[in-house]
Amino acid sequence: MNRDSIGGSVRHQSRILARLTQRASAMRALWLACLGGVLLFGVAAGAAPSPQTVLFLGDSITAGYGLELSQAYPALIEQRIKKEGLNFKVINAGQSGDTSAGGLARMDWLLKNKIDVLVLELGGNDGLRGLPVEVIRKNLQAIIDRARKQYPQIKIVVAGMKMPPNMGGQYSREFEAMFAALAKKNNAALIPFILEGVGGVRQMNLADGIHPTAGGHEIVAENVWTVLAPVLRSIQSPLTRS
């Protein structure tokens, strides 16, 4: 083989090697681009914030006395939250027979986990026992203060309650006004009367005439949602907004 033939063969092999090198570089670049896309997708997917927490602190109304827990209004609110695509979880801290003092005594334990919204539904049992309105007010205020001390950005929703006529006109008026005053003082949202459309309506209550039926809880859930929904939407993470 002469020198020209050898030189031509070398040049030909060099061109083939160059093309193979370019092709390998292109394939490597494509692979890296795909890998980068997968990693970015994974990071984005993993960056979704954890659900914020709504705590319902209440008595037998919140606990769903006489019903399955899934029929109580907090569970119905949780269903509505999911339906609306909001990133919140619900904790039902309702306890039948609880009072404002009992709720206050439970706060240290309840505040161990981060709470973003506190729905405060207490005071009804205090009122039925005829406790002084000022005592009830102080306990409810202490609950709010303790929650805000632990979590300064927490949102408060105060659930108002009314007393039956047999408690006396003056006491009933002072009791009802207490909830509005608490909400105003603490810049909290107010549910004027959580049992609106249920209290005193026979078919919406169990045989005791006090605790809502499953249908009654559906109405209670609507009463709560009307006030709670704007609060949730105001604080949800921008990444979760639809």
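Residues numbered from 1 in each chain as written. Predicted model: local features only at pLDDT ≥ 70, side-chain atom pairs only at ≥ 80, totals over all residues. Heavy atoms only, no water.

### Quick look at helix α6 (residues 133-150)
Where we set the bar: A helix here means a DSSP run of H or I that spans at least four residues, while a strand means a run of E at least two residues long, and both kinds are numbered starting from the N terminus. Helices are assigned an expected span. That span is 1.5 Å times one less than the residue count. A 1.4 Å probe rolled over the protein chains alone gives each residue an accessible area, and that area as a share of the maximum for its type sets the label: buried under 20%, exposed over 50%, partly exposed in between.
In a regular helix each residue adds 1.5 Å, so 18 residues correspond to 26 Å; α6 covers 26 Å between its end C-alpha atoms and thus fits that length. Within the span of α6, buried status applies to Val133, Ile136, Asn139, Leu140, Gln141, Ile143, Ile144 and Ala147.

### Some thoughts on the sheet that holds strand β5 (residues 189-191)
Short version of the rule: Strand pairing follows a simple DSSP-based rule, namely that at least 2 bridges must link the two strands. Angles here are taken between N-to-C directions and fall from 0 to 180 degrees, while the axes themselves are lines fitted to C-alpha atoms, restricted in helices to the stretch in contact. Residue contacts follow a heavy-atom distance rule, with two residues in contact if any of their heavy atoms lie within 4.5 Å.
Taken together, the five strands give an open sheet; going across it, the order is β2-β1-β3-β4-β5, and neighbouring strands pair in parallel fashion. Each edge of the open sheet carries a strand with a single partner, namely β2 (88-94) and β5. Averaged over all neighbouring strand pairs, the angle between strand axes comes to 15 degrees, with direction disregarded. Where strand β4 (residues 155-159) lies against β5, three bridges are found, and the strand directions are parallel. Note on β5: the bridge partner recorded for Val158 is Leu190. Set on the sheet, helix α4 (residues 100-110) makes contact with β1 (52-58) and β2; between it and β1 the angle comes to about 155 degrees. Contacting β4 and β5, helix α7 (residues 169-185) runs over the sheet at an angle of about 165 degrees to β5.

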